[in-house]
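A structural walkthrough
As a plain string of letters, each chain reads:
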Amino acid sequence: ARERTFLAIKPDGVQRRLIGEIISRFEQKGFKLVASKMVHASEELLEEHYAEHKGKGFFPKLIAYMSSGPVFAMVWEGTEVIRTCRTMMGATKPLESAPGTIRGDYAIDMGRNIIHGSDSVESAEREISLWFSDDKEIINWECA
Ligand code: CMP
């Protein structure tokens with residue numbers, strides 16, 4: 001199905017100058033970038049974003065890390081984009097992520113794993129509306 005997903009390059013990915021490399025991978029795959037912005041996210045926004053992890057041991061560190069510097073937030077569109085982006089990102093645990101995936105190629109640390117991507121249609125819709133205002137920031141464009 002034609003879908004949208006929310007992807008965010010985490011502070012480590014921004015600081016390591018990986019924004020261009022990561023955008024290239026998804027563009028070359030054939031997906032369409034329909035929104036993007038650099039955001040120094042507040043703890044409030046991140047606590048909402050990561051609501052499902054509230055109460056877990058790593059939650060405070062996760063929020064502190066994700067608010068320590070800017071993230072690069074994006075909305076991508078395309079056929080099966082949610083699942084395919086997850087595959088291209090690689091496993092959450094960098095030591096389990098396959099070579100050729102973003103985390104497999106660039107990360108060795110669980111917290112600093114370069115990129116976030118929505119894991120379902122429901123979380124994509126939730127995350128997109130949390131990070132972007134639909135009417136102003138998401139662009140519906142086609143080839144002329
Ligand atoms: P992500 O899947 O994007 O969302 C939750 C994040 O929490 C995960 O990436 C990791 O970066 C981070 N994290 C840190 N420690 C852990 C842990 N022990 N288990 C799961 N996620 C963790």
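Heads up: the structure comes first, above all this text.
Residues numbered from 1 in each chain as written. Predicted model: local features only at pLDDT ≥ 70, side-chain atom pairs only at ≥ 80, totals over all residues. Heavy atoms only, no water.

Further remarks concern unusual backbone geometry. The backbone phi angle of R17 is positive, close to 60 degrees, even though this residue is not glycine. Secondary-structure assignment places R17 in the loop between α1 (11-15) and α2 (19-29). (Helix = DSSP H or I, 4+ residues; strand = E, 2+ residues; numbered from the N terminus.)

Moving on, we get to the pattern of salt bridges. Once their charged atoms are close, side chains differing in charge can pair, the charge on each being opposite to the other. Scanning all chains against the criterion turns up eight salt bridges. Across the pair E77 and R2 runs a salt bridge, and its minimum N-O distance is 3.4 Å. With E77 in strand β3 (residues 71-79) and R2 in strand β1 (residues 2-9), this pair connects stretches of sequence that are 75 residues apart. For E77, a relative accessible area of 10% gives the class buried. Of the charged contacts in the structure, one is a salt bridge between R25 and D105, with a shortest N-O distance of 2.9 Å. Taken as a pair, R25 in helix α2 and D105 in helix α6 (residues 102-106) lie far apart in primary sequence, 80 residues in all. (Salt bridge = Lys/Arg side-chain N within 4 Å of Asp/Glu carboxyl O. Buried < 20%, exposed > 50% of the residue type's maximum accessible area, 1.4 Å probe, protein only.)

Shape descriptors only; they carry no functional weight alone.
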